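Topology and contacts: notes
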Amino acid sequence: MGCFLLASGMGMFASEDLQWHNKCMPALFYREPWRCWDRGHIELRVVAKVLQLHTKDKTMALRACGLIIFRRCLIPKVDNNTIEFLLLQASDGIHHWTPPKGHVEPGEDDLETALRETREEAGIEAGQLTIIEGFKRELNYVARNKPKTVIYWLAEVKDYDVEIRLSHEHQAYCWLGLEEACQLAQFKEMKAALQEGHQFLCSTEA
């Protein structure tokens, strides 16, 4: 069945329905006007549904999840001033720096998404990380004119010298102390998450 797209890019109608409307509606109106009403009513309902979905798509918040990954060089862990955060630089756009993160896929829970994105973007497997209990932060901001929510957990690499393998989505990475990481992060929401993560680690036995 042939199809055509609305100018808005949302939804599809069968082209044979359009042909039926153009060829049959005028003649049918005179013979069986009630059928025209039924057909027109259905078409109006379809159009209304498409417009509803289009509006919902514009207002629904994007959802992403990631890990604020860090390392500490001292063993035992008695000096939290040695905490370094992993930031990745995006290959596109303004080349911003963030921890690994990405959109939630169907069937995933939030933490599964965060672990998958970390594996895909930084090459770090779940078994190479320790998720820090008690820390979870939700960031809400506007990205590309759409509301976006990002959930972050804290995770420490088990190997201080873990290998980072970037995907095509990123062009560079850095291990940085809190002050330097906040300078690169740029966005206030990300800076606040890094600061809160650092404070959490310094105030607990994590």
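Everything that follows concerns the structure shown earlier in this document.
Below or above, wherever it landed, is the structure these notes cover. (Residues numbered from 1 in each chain as written. Predicted model: local features only at pLDDT ≥ 70, side-chain atom pairs only at ≥ 80, totals over all residues. Heavy atoms only, no water.)

**Section: the overall build of the protein**
Applicable threshold: Counting from the N terminus, the helices are the DSSP runs of H or I reaching at least four residues and the strands are the DSSP runs of E reaching at least two. Each residue is placed in one exposure class: buried if its accessible area under a 1.4 Å probe, protein chains only, is under 20% of its type's maximum, exposed if it is over 50%, and partly exposed if it falls in between. Accessible surface area values rest on a Shrake-Rupley calculation with a 1.4 Å probe, where residue burial reflects the displayed protein chains alone.
Helix and strand counts for the protein come out as five helices and nine strands. Along the protein, helices and strands appear, N-terminal first, in the series β-β-α-α-β-β-β-β-α-β-β-β-α-α. Looking at the protein as a whole, 35% of its 206 residues qualify as buried. Summed over its atoms, the accessible surface of the protein is roughly 12600 Å², and 55% of this surface lies on carbon and sulfur atoms.

**Digging into the environment of Leu 67**
The cut-off we apply is this: Pairs of residues are marked as contacts when any of their non-hydrogen atoms sit within 4.5 Å.
Its place among the elements puts Leu 67 in strand β3 (residues 62-71). Between the C-alpha atom of Leu 67 and that of Pro 100, which follows or precedes it by 33 residues, the distance is 6.1 Å. Apart from the residues within four sequence positions on either side, Leu 67 is in contact with Pro 99, Pro 100, Leu 111, Ala 114, Leu 115, Thr 118, Leu 129, Ile 131, Tyr 152, Trp 153 and Ala 155.

**What about the layout of surface pockets?**
This is how it is decided: The pocket and cavity definitions rest on a 1 Å grid over protein atoms only: a 1.4 Å probe that fits but cannot leave marks a cavity, an open set with protein on both sides within 12 Å along at least five of seven lines marks a pocket, and residues lining either have an atom within 4 Å of a point. Grid points are joined across faces, edges and corners, and a volume is the space filled by probe spheres set on the points. Residues are grouped as follows: Ala, Val, Leu, Ile, Met, Phe, Trp, Tyr, Cys and Pro are nonpolar; Asp, Glu, Lys and Arg are charged; all remaining types, including Gly, are polar.
Considering only enclosed or pocket space, the largest pocket measures out at about 800 Å³ in volume. Lining the largest pocket we find 26 residues, and of these His 96, Lys 101, Ala 143, Arg 144 and Lys 148 sit closest to its centre. Looking at the lining of the largest pocket, the elements with two or more residues in it are β3, β6 (101-103), α3 (110-122), β7 (129-143), β8 (146-157) and α5 (188-203). A per-element tally of the lining of the largest pocket places β7 first, with four residues. Taken together, the residues that form the lining of the largest pocket break down as eleven nonpolar, six polar and nine charged.

**Re the nonpolar core**
We apply this condition: For our purposes a nonpolar core is just a set of buried Ala, Val, Leu, Ile, Met, Phe, Trp, Tyr and Cys residues, chained together by side-chain atoms within 4.5 Å.
One finds Ile 68, Phe 70, Phe 85, Leu 154, Met 190 and Leu 194 to be the most contacted residues of the largest nonpolar core, which totals 22 residues. Among the elements of the structure, β3, β4 (84-90), β7, β8, α4 (178-185) and α5 are those that each provide at least two residues to this core. Per-element tally for this core: the top contributor is α5, with five residues. Not counting chain neighbours up to four residues away, the residues in contact with Phe 70 comprise Ile 83, Glu 84, Phe 85, Ile 132, Leu 154, Ala 155, Glu 156, Val 157, Trp 175 and Leu 201. Counting residues in each nonpolar core, the second largest holds 16 residues, with Cys 65, Ala 114, Ile 124 and Val 162 among its members.

**Observations regarding unusual backbone geometry**
The backbone phi angle of His 95 is positive, close to 55°, even though this residue is not glycine. With respect to the element layout, His 95 can be found in the loop between β4 and β5 (97-98). Residue classification places His 95 among the partly exposed residues on the basis of a relative accessible area of 30%.

**Focus on the packing of aromatic side chains**
To be explicit about the condition: Classification of ring pairs rests on two measures: the distance between centres of Phe, Tyr or Trp rings, Trp counted by its six-membered ring, which must be within 6.5 Å, and the angle between planes, read as stacked under 30 degrees, edge-to-face over 60 and tilted in between. When the NZ atom of lysine or the CZ atom of arginine is within 6 Å of a ring's centre and also within 35 degrees of its normal, the charge is said to sit over that ring.
The full count for this structure, using the stated rule, is one aromatic pair. A cation sits over an aromatic face here: Arg 71 above Tyr 160, 4.1 Å from the ring centre.

**So, α3**
Side chains of residues three or four places apart in an α-helix project in the same direction, reflecting 3.6 residues per turn. Stated formally: Each helix should span, by expectation, one fewer than its residue count multiplied by 1.5 Å. For the purposes of these results, a polar contact is taken to be a pair of N or O atoms within 3.5 Å, where, inside protein, one atom must be able to donate a hydrogen and its partner to accept one; residues adjacent in sequence count only when each atom of the pair is a side-chain atom.
Relative to the 18 Å expected for 13 residues at 1.5 Å per residue, α3 spans 18 Å between its end C-alpha atoms, a close match to the ideal helical length. Listed in full, the buried residues belonging to α3 are Asp 110, Thr 113, Ala 114, Arg 116, Glu 117, Thr 118, Glu 121 and Ala 122. Looking at the packing, one finds that the buried side of α3 touches β3, β4, β6, β7, β8 and β9 (170-176). Here α3 starts with a cap whose side-chain oxygen sits 3.2 Å from the backbone nitrogen of Leu 111, and that cap is Asp 109.

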